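Fold and geometry: a report
The chain contents come next:
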Amino acid sequence: MKITCIGAGYVGGPTMAMIAYKCPDIQVVVVDINAARIAAWNSEELPIYEPGLFEVVKEARGRNLFFSTDTQKHVAEGDIIFVSVNTPTKTRGVGAGKAADLTYWEGAARLIASVSTTSKIVVEKSTVPVKTAEAIEKVLRRNCADPNVAFEILSNPEFLAEGTAMEDLAKPDRVLIGGKETESGQRAIGVLKSVYEHWIPTERILCANLWSAELSKLTANAFLAQRISSINSISALCEATGADVQQVAHSIGTDSRIGPKFLNSSVGFGGSCFQKDILNLVYICETVGLKTVADYWHSVVHINDYQKQRFVERMIDAMFNTISGKKIAVLGFAFKKDTGDTRETPAIDVCKGLLADNAKINIYDPKVTEAQIHNDLSLGKFMWDHPTTGGTASPRQNAVSVFKDAYEACKDSHALAVLTEWDEFKGLNYQKIYDSMMKPAFVFDGRNILDHAKLREIGFIVYALGKPLDPFLQRNYS
Ligand SMILES: NC(=O)C1=CN([C@@H]2O[C@H](COP(=O)(O)OP(=O)(O)OC[C@H]3O[C@@H](n4cnc5c(N)ncnc54)[C@H](O)[C@@H]3O)[C@@H](O)[C@H]2O)C=CC1
Ligand SMILES: O=C(O)[C@H]1O[C@H](OP(=O)(O)OP(=O)(O)OC[C@H]2O[C@@H](n3ccc(=O)[nH]c3=O)[C@H](O)[C@@H]2O)[C@H](O)[C@@H](O)[C@@H]1O
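Attention in this report is confined to the structure presented alongside it.

**A short note on the site of ligand 1**
Residues in contact with ligand 1 amount to 25 residues; listed here are only the nearest, V11, D32, R37, T87 and K276. Contact distances for ligand 1 include 2.9 Å between a nitrogen atom and a side-chain N or O atom of E162. Alone, ligand 1 offers 830 Å² of accessible surface; in the complex the protein occludes 92% of this. For the shell around ligand 1, the residue count by class is nine nonpolar, nine polar and seven charged.

Here you go:
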């Protein structure tokens, strides 16, 4: 059996590497139109950072795992074609700002149709709007010259989280496969199931109809993001009342019906998918006339925007309502720890908010490059996931400096803001940092990872999300 995956990104790369690693009897080829990305997958410097990924790639690469730009050949030869291309939010036209842009998906479908001379199982790995399989089937059928070639479409959404992708792939809570309730649909489900059964217990492989599988993915992300917005909304209330959001989260999380996970209050959720998938869900609800349902889910994104804005306002307010010309050290730019990914990271909105008030910002992140940071700060909303769109130079680019060392970034700054929960930030020498900063020296902990009591002992004014406010800050707020 030969598996070909279109799209060598954060999902296509790691998922195919895991399949090849666990199934030495299957040949797996990952193809992409991005030649630089493919070259990186074939090198010692993989294009994405993910703990444990390199070891798995190294073991399987050249044995039964290959990365190639020859899309036509490998798609033509594949028995199962995974499609793992980007499905960004539309930036123009009908549904702009909410609907999924299926340009890349349709491009992949047209490619499959045009080169296929044998029947194939086409697997939706990308996150797509419900009913996409129907549209894709039409594109495949109408563009394939050979009427004897059959296409069976399956939905097999991916639930991995970045930073823990390899663990999630090795031991997933579940694998979901949706297919048609026809004989050939069920047969195709069986084939894909047999691939996963190489390492995943059968009872963890869930089968559903196509529409349920497609909708389950959007719903899972909406529920996860909703928990974060819920606790973040409570963090604002905690600050207003003297409650502590971590104590509240712990108290409710011990209720087995609520559970302890995904209750960390933060400066906002980021990542390539939560916002895009919720907006997509909102758009679908609107198009079928469910405005109240759409509004309910849209509020999850509104609270997320509110949380980022609230954080910036807290910073400005604490620093005597003026940050013009002040240096602010930003520790962490990735959307979460253990990844170099910055897509929709809350750091972008926070930095843009600070820059709008004329601050100078010094950024340090252990895994994000300087070029990436400048690019992110120059792109408009939703533009990052459209590979053909370049950024324009940020008008305040000279106000942003990127450092390779946290201590250098903090030197001479008025404040430091923790925006990503990297473990290394917990172990920094904060006395040394305090001594190098302007006074009063502020810490804004957007992830609640630092030892606040110790920081106060050193002399910092500390703002921690959802925690009782320092008397110094209360004066500004009462
Ligand atoms: N990033 C994540 O953690 C997760 C992402 N997803 C979903 O998976 C999908 C892919 O996401 P990522 O891997 O993060 O995107 P990505 O942007 O990292 O990778 C997509 C790749 O597809 C390639 N591509 C686009 N059109 C192509 C074509 N016609 N032929 C060949 N290659 C083509 C692009 O060049 C790019 O390298 C999205 O729908 C996303 O919502 C789902 C679960 C987790
Ligand atoms: O479809 C996707 O792309 C993926 O989206 C998320 O995975 P990911 O975005 O990689 O990472 P998460 O761990 O979910 O974190 C998302 C954001 O929420 C934030 N977060 C997470 C948990 C929490 O308690 N609080 C919080 O603010 C993180 O810092 C991060 O910015 C989901 O967890 C995956 O199941 C899903 O497959």
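From this point, the narrative continues.
**A look at the site of ligand 2**
In the vicinity of ligand 2 lie 20 residues, with F159, L160, E162, S266 and R447 positioned nearest. The separation between a nitrogen atom of ligand 2 and a polar main-chain atom of N264 is 2.9 Å. Note that an oxygen atom of ligand 2 is positioned 2.6 Å from one of the side-chain N or O atoms of S266. For ligand 2, whose accessible area on its own is 700 Å², the fraction buried by protein is 90%. Looking at the shell around ligand 2, the element that brings in the most residues is helix α9 (residues 210-241), giving four residues. Among the residues making up the shell around ligand 2, the classes are represented as 11 nonpolar, four polar and five charged.

**Things to note about the nonpolar core**
By size, the foremost hydrophobic cluster in this structure holds 60 residues, and its most contacted members are F311, L416, Y430, F444 and F460. Among the nonpolar cores identified, the runner-up in size contains 42 residues, and L53, V56, I121 and I177 belong to it.

**Structural notes on the environment of K336**
Secondary-structure assignment places K336 in the loop between β9 (327-331) and α13 (346-356). A residue is classified by how much of its surface remains accessible, and K336, at 21% relative accessible area, is partly exposed. Each C-alpha atom of the pair K336 and S43 lies 25 Å from the other, and the pair is 293 residues apart in sequence. The residues contacting K336, other than those within four sequence positions of it, are A161, E162, T420 and E421. Side-chain polar atoms of K336 contact the backbone oxygen of E162, separated by 2.5 Å.

**Examining the sheet that holds strand β14 (residues 461-464)**
Ordered by their spatial adjacency, six strands build an open sheet running β11-β10-β9-β12-β13-β14, and the pairing between neighbours is parallel. Each having just a single partner strand, β11 (400-403) and β14 make up the two edges of the open sheet. For this sheet, the mean angle separating the axes of adjacent strands, direction not counted, is 20 degrees. As paired elements, β9 and strand β12 (residues 415-418) share four bridges and run parallel to each other. Opposite L331, over in β12, you have V418 as the bridge partner.

What counts, and at which threshold
Residues numbered from 1 in each chain as written. Chains lettered and ligands numbered in written order. Predicted model: local features only at pLDDT ≥ 70, side-chain atom pairs only at ≥ 80, totals over all residues. Heavy atoms only, no water. Near = heavy atom within 4 Å. Polar contact = N/O pair within 3.5 Å; in protein donor to acceptor, adjacent residues only side chain to side chain. Areas by Shrake-Rupley, 256 points an atom, 1.4 Å probe, with all protein chains shown as cover. Nonpolar A, V, L, I, M, F, W, Y, C, P; charged D, E, K, R; others polar. Helix = DSSP H or I, 4+ residues; strand = E, 2+ residues; numbered from the N terminus. Core = buried A, V, L, I, M, F, W, Y, C linked by side-chain atoms within 4.5 Å. Buried < 20%, exposed > 50% of the residue type's maximum accessible area, 1.4 Å probe, protein only. Contact = heavy atoms within 4.5 Å. Pairing = 2+ DSSP bridges. Axes fitted to C-alpha atoms, helices over the stretch in contact; angles between N-to-C directions.

Function cannot be read off these values alone, since they describe shape.
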